[in-house]
Amino acid sequence: MNYFPDEVLEHVFDFLTSHRDRNAVSLVCKSWFKVEKWSRHRVFVGNCYAISPERLIARFPRVRALTLKGKPHFADFNLVPHDWGGFVYPWIEAMAKSNIGLEELRLKRMVVSNEGLELLARSFVNFKSLVLISCEGFTTDGLAAVAANCRFLRELDLQENEVEDRKGQWLSCFPDSCTSLVSLNFACLKGEVNLTALERLVARCPNLKSLRLNRAVPLDALQRILMLAPQLEDLGTGSYVHDPDTETYNKLISTFQKCRSIRSMSGFLEVSPLCLPAIYPICSNLTSLNLSYAPGIHGDELIKLIHHCRKLQRLWILDCIGDKGLGVVASTCKELQELRVFPSDPFGVGNAAVTEKGLVAISFGCPKLHSLLYFCQQVTNAALITVAKNCPNFTRFRLCILDATKADPVTMQPLDEGFGAIVQSCKDLRRLSLSGLLTDRVFLYIGMYAEQLEMLSIAFAGDSDKGMLYVLNGCKKLRKLEIRDSPFGNEALLTDVGKYETMRSLWMSSCEVTLGGCKVLAEKMPRINVEIINEYDQMEFGFDDRQKVDKMFLYRTLVGPRKDAPHFVWTL
Amino acid sequence: MSPQLAKPSPESSSAGLHFNDTELTLGLPGATKSGTKRGFSDTVDLNLRGPCNTDHASNPSENDVSGDSKPPPAKTQIVGWPPVKASRKNVAKISKYVKVAVDGAPYLRKVDLEMYGSYQQLLGSLEDMFSCFPIRNYLNERKLMDPVKGSDYMPTYEDRDGDWMLVGDVPWKMFVESCKRLRLMKSTEAIGLAPRASQKCTSTSGSKSL
């Protein structure tokens, strides 16, 4: 193999797209390492504190596309204090200084500042794609800088970010010379946009394939925009409110009939259900439909809509569809692969509209289903066993019973057997979230059967340290473990400390782990950062090792304790 | 050394309080209850209705808008449960019910302003609701209806400042945001206030109630 010139090796490596394959290739020998290093353009950093920007640049000097993830997953649910960390600025700064030819940046749960966006926009001439998911810390001024300066921008995708809307004219900051947009998603912005600027932008970008509008874009503007972009494949409507008895609505109907390419729809951030029939002609081609942000559509109206969606592969919907509606999905959407059912009234009186019956119906009707997120009122072991038998192909299975410790309502038993059936049947399961009344037994099953499991989320479950130990010992491919409000303590934490170097991170909050236990772990494992997050207590750290730790987040790292930790985060 | 979880009692009431049925308790072996570990029910934040007194108390599920007679939620809330992102928490059907009073009617009605997309829809619905009280329609919208001859009532509303305003001046959404209640005012009371359909409102010597 050493007799191949580097160019040939590089050409061969070009066919390797997965990070894991490329990582494996780097380990073969020094020359392969070198060639791979200089030809790696896409880098994925699952924890921004596992490595430093400088070392990343030294390792992969030709990086063009970087993915960074910051805060732990539970930050999505307010369990992580606001200024915990995850700042992207140092990364942008380091890459700018080193003249990295950055073209794509994808960030998840990171803190992004306007200064960072401005630096980004100025520093990377060929910058093409910015994807921000669940980020915060910037305003529309930062977006304006990106729009104004990134001359070859193809993609600006903002998903569920907290953006302060300065009511500026950021959309107008795209220069007339910008014609390269392929994807524009600003659905999460709350403020007004300049509709004229938007329409002109759409008109001059003939390659625009994906457009997701925010709530401030009214239906008549949607109609005009669709006329300008009949080539769209992915559409997120803004406000979908109108009087159906109007010329505007009739125009919309005929415009939709011309949009033959739309395969994915989302948005409907506010809806007049009477206007839904306009999209029926598109429904027959849809492979992806997200109505999970659409308030106030009754189950019956959803059912009417679903009848038209025979090709659906991905469906995100609210639980107002009901068990009955899920039955319709089961009989109509035979190609369904991914289903997410969100609670329309998460904190409401226990009238959540879906139960295990809907899920069972789906499992009978949709054999290709492999990814599920399901918020429901209740679940029975029998239902889960049936689902496991019908759908052995699950790779992601997340079940959230709104009453977190609810037992099987029929047998009053814990749900151990039901989830056990899932892990036993679904041999490719990579992600699992549990809820309901659960004992150590379910973890025994998970340790025994969930061989491919990479991410596990546990809440209000288990009886003793044994539970957590079953998982740590059994799940060889475990990368992320997040636990809240469960009785796992020091014995579980400390029995196999080496395990944590094989994982990305471990989160434990409101468990039984003590400060002393964490200290022991930190001392044994220098390449693990053990962070204690203590927002409320005035206690001075370190005085009582027997004290229970409210929130602990540990992760493997090559660069030691981070220097940007706020005062309430203590790295042991 | 790890605390054992005391099993919940096997009896369970069939309906009602799920919390008591499934309450998890912790204690050292032999202890019956108490224990430092919080079970699900112990973790609830009991200050649901009041203003959030800790930064991370869970959000109240209703806002103040449709003020009266909301049944208190059966569950109190726990931080971070159910695990939905903040952006999804308010997706529940938004409704804004306001009282509608018609001068001379024996009782009031309520309408959900979020059900409508325009003034036209609202007034049409009000006409249906109070079918014996024709409502003068002066609005200059695309779908203009001729002002009903001899109609008796002007639609007015009370805004957040407590002022009585004429319906129709501001964009629809702004109106929904600021409207607290509606009153269909007898036209005889409204002399000098009502602008004509296609005329600009000229200042008159009569004072407006705006």
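In this text, all values refer to a predicted model and were calculated from it rather than measured experimentally.

Cut-off values and rules
Each chain has its residues counted from 1, running along the sequence as written. Going through the entries in the order they are written, you letter the chains from A and number the ligands from 1. Two thresholds apply to this predicted model, a pLDDT of at least 70 for residue-level local features and 80 or more for giving and counting side-chain atom pairs, whereas whole-chain, interface and lining totals are computed over all residues. As a convention, hydrogens and water are excluded, and side-chain values are obtained from all of the structure's heavy atoms. What counts as a helix is a DSSP run of H or I of at least four residues, what counts as a strand is a run of E of at least two, and both are numbered from the N terminus. Only protein chains enter the calculation, and the probe is 1.4 Å; a residue is then buried if its accessible area is under 20% of its type maximum, exposed if over 50%, and partly exposed in between. Residue contacts are counted whenever heavy atoms from the two residues lie within 4.5 Å of one another. Accessible surface is estimated by sampling points in the Shrake-Rupley manner with a 1.4 Å probe; for residues, cover comes only from the protein chains shown. Cysteine sulfur pairs qualify as disulfides if the two atoms are within 2.5 Å. Given a helix with a known number of residues, its expected span is that number minus one, times 1.5 Å. Note on geometry: axes are lines fitted to C-alpha atoms, helical ones only across the stretch in contact, with angles between N-to-C directions running from 0 to 180 degrees. Working rule for angles: under 35 degrees goes down as roughly parallel, over 145 as roughly antiparallel, 65 to 115 as roughly perpendicular, anything else as oblique. Charged means Asp, Glu, Lys or Arg here, nonpolar means Ala, Val, Leu, Ile, Met, Phe, Trp, Tyr, Cys or Pro, and polar covers whatever is left, Gly included. Paired strands, in this sense, are two strands between which DSSP finds at least two bridges. With the strands pointing away from the viewer, any crossover whose connection runs clockwise from the first strand over the helix to the second is right-handed. The salt bridge criterion pairs a side-chain nitrogen of Lys or Arg with a carboxyl oxygen of Asp or Glu, the two atoms within 4 Å. pLDDT runs from 0 to 100 and stands for how confident the predictor is about each residue. UniProt positions are given in the numbering used here, feature names are shortened, and annotations may be inferred rather than shown by experiment. Charged residues are defined narrowly, with Lys and Arg counted positive, Asp and Glu counted negative, and His plus the chain ends left uncounted. For this analysis, a polar contact is any N or O atom pair within 3.5 Å, provided that within protein one partner can donate a hydrogen and the other can accept it, and provided that sequence-adjacent residues contribute only side-chain to side-chain pairs. Handedness of a crossing is defined here by the sense of rotation of the near helix relative to the far one, left-handed for an anticlockwise turn of less than a right angle and right-handed for a clockwise turn.

Attention shifts here to the overall build of chain B. A tally of helices and strands in chain B yields three helices and seven strands. Counting helices and strands in the order they occur from the N terminus, chain B gives β-α-β-β-β-α-β-β-α-β. Across the 210 residues in chain B, those meeting the buried criterion constitute 41%. A separation threshold of at least 6 residues defines the contact pool for chain B, and within that pool the share at least 24 residues apart is 45%. Entry remark: accessible area of chain B is about 12500 Å², with carbon and sulfur atoms responsible for 53%.

Another point: the state of the cysteines. Residue and element names in this part refer to chain A. This structure, assessed with the given rule, holds zero disulfides over all chains. Between cysteine 178, a cysteine without a disulfide, and cysteine 205, which holds the nearest cysteine sulfur, the sulfur-to-sulfur distance is 4.9 Å. With no disulfide of its own, cysteine 511 has cysteine 518 as its nearest cysteine by sulfur position, at a separation of 10 Å.

The end-to-end C-alpha separation of helix 10 (residues 247–258) of chain A is 17 Å, in line with the 16 Å expected for 12 residues at 1.5 Å each. The secondary structure elements touched by the buried residues of helix 10 of chain A are helix 9 (219–228), strand 10 (234–236), strand 11 (239–240), strand 12 (264–266) and helix 11 (280–283) of chain A.

To continue, consider the packing of helix 13 (residues 322–332) of chain A against helix 14 (residues 356–365) of chain A. All names here are of chain A. Look at helix 13 against helix 14: their axes get within 8 Å of each other, and the N-to-C directions meet at 5 degrees. Our classification of the angle between helix 13 and helix 14 gives roughly parallel. Counting all contacts with helix 13, which are made through Asp323, Leu326, Gly327, Val329 and Ala330, the residues of helix 14 involved are Lys357, Gly358, Leu359, Ala361, Ile362 and Gly365. When the residues that make up the contact of helix 13 with helix 14 are grouped by side-chain class, the tally is six nonpolar, three polar and two charged.

All right, on to the environment of leucine 126 of chain B then. Residues and elements named next belong to chain B. Residue position: leucine 126 is located in helix 2 (residues 119–129). For leucine 126, a relative accessible area of 1% corresponds to the buried category. Each C-alpha atom of the pair leucine 126 and arginine 109 lies 9.5 Å from the other, and the pair is 17 residues apart in sequence.

Once that is clear, we can look at the pairing of strand 21 (residues 480–484) of chain A. Residue and element names in this part refer to chain A. The buried count for strand 21 comes to five of five residues, which makes it a mostly enclosed element. Where burial is concerned, the two faces of strand 21 agree: the one with Lys480, Glu482 and Arg484 and the one with Leu481 and Ile483 are both buried. As defined by bridge partners, strand 20 (residues 455–459) adjoins strand 21 across five bridges and the pair is classed as parallel. By the bridge assignment for strand 21, isoleucine 458 is matched with isoleucine 483. With respect to chirality, the unit in which strand 20 leads through helix 18 (residues 465–474) into the neighbouring parallel strand 21 is right-handed. When strand 21 meets strand 22 (residues 505–509), the two strands line up parallel, connected through five bridges. When the bridges of strand 22 are listed, leucine 481 appears paired with leucine 506.

Backbone-to-backbone hydrogen bonds pair the strands of a sheet. The strands run either parallel or antiparallel. All names here are of chain B. Taken in spatial order, the five strands of this open sheet run 4-3-7-5-6, and their pairing is mixed. Each of the sheet's edge strands pairs with one partner strand only, and the pair in question is strand 4 (109–112) and strand 6 (164–166). Direction aside, neighbouring strands of the sheet carry axes that sit 35 degrees apart on average. Judged from the six bridges that link them, strand 5 (residues 153–158) and strand 7 (residues 181–186) form a sheet pairing that is antiparallel. Counterpart to threonine 156 in the pairing with strand 7 is arginine 183. Sitting on the sheet, helix 2 is in contact with strand 3 (97–102), strand 4, strand 5 and strand 7, with an inclination near 150 degrees to strand 4.

Residue and element names in this part refer to chain A. The final tally for this structure, using the stated rule, is 31 salt bridges over all chains. Salt-bridge contacts for arginine 20 lead to glutamate 454; the nearest nitrogen and oxygen are separated by 3.8 Å. Taken together, the residues span a long stretch of sequence, with arginine 20 in helix 2 (residues 19–26) and glutamate 454 in the loop between helix 17 (440–449) and strand 20 at a distance of 434 residues. Residue class for glutamate 454 comes out buried when judged on its relative accessible area of 13%. The partner of arginine 224 in a salt bridge is glutamate 199, with the nearest N and O atoms 3.1 Å apart.

This brings us to the confidence of the model for chain B. Residues and elements named next belong to chain B. Put simply, chain B has an average pLDDT of 62, and 42% of its residues get 70 or more. The low-confidence segment residues 26–38 (pLDDT under 50) makes 32 contacts with residues lying over four places distant or belonging to another chain. Scored below 50 in pLDDT, residues 44–75 makes 50 contacts in the model with residues more than four places away or belonging to other chains. In the model output, the complex is listed with pTM 0.78 alongside ipTM 0.88.

So, about the UniProt feature "domain: F-box" (unreviewed entry) in chain A. The feature "domain: F-box" (unreviewed entry), as given by UniProt, occupies residues 4–45 of chain A in the numbering adopted here. Along residues 4–45 of chain A one finds 62% helix and 10% strand; the C-alpha atoms at either end are 31 Å apart.

Turning our attention to the side chain of aspartate 465 of chain A. Residues and elements named next belong to chain A. Tracing the backbone shows aspartate 465 in helix 18. One buried charged residue, aspartate 465, forms no salt bridge at all, with the nearest opposite charge on lysine 466 at 9.7 Å. Here the side chain of aspartate 465 touches glycine 489 through a polar contact of 2.5 Å, landing on its backbone nitrogen.

Turning our attention to the packing of helix 1 (residues 6–13) of chain A against helix 3 (residues 30–39) of chain A. Residue and element names in this part refer to chain A. Two elements in contact, helix 1 and helix 3, have axes separated by 10 Å at closest approach and are oriented at 60 degrees. Considering their axes alone, helix 1 and helix 3 lie oblique with respect to each other. Helix 1 and helix 3 meet at a crossing whose hand is right-handed. Along the contact surface, helix 1 presents Asp6, Leu9, Glu10 and Phe13, while helix 3 presents Trp32, Lys34, Val35, Glu36 and Ser39. Each residue belonging to the contact of helix 1 with helix 3 can be placed in one class, and the counts come to four nonpolar, one polar and four charged.

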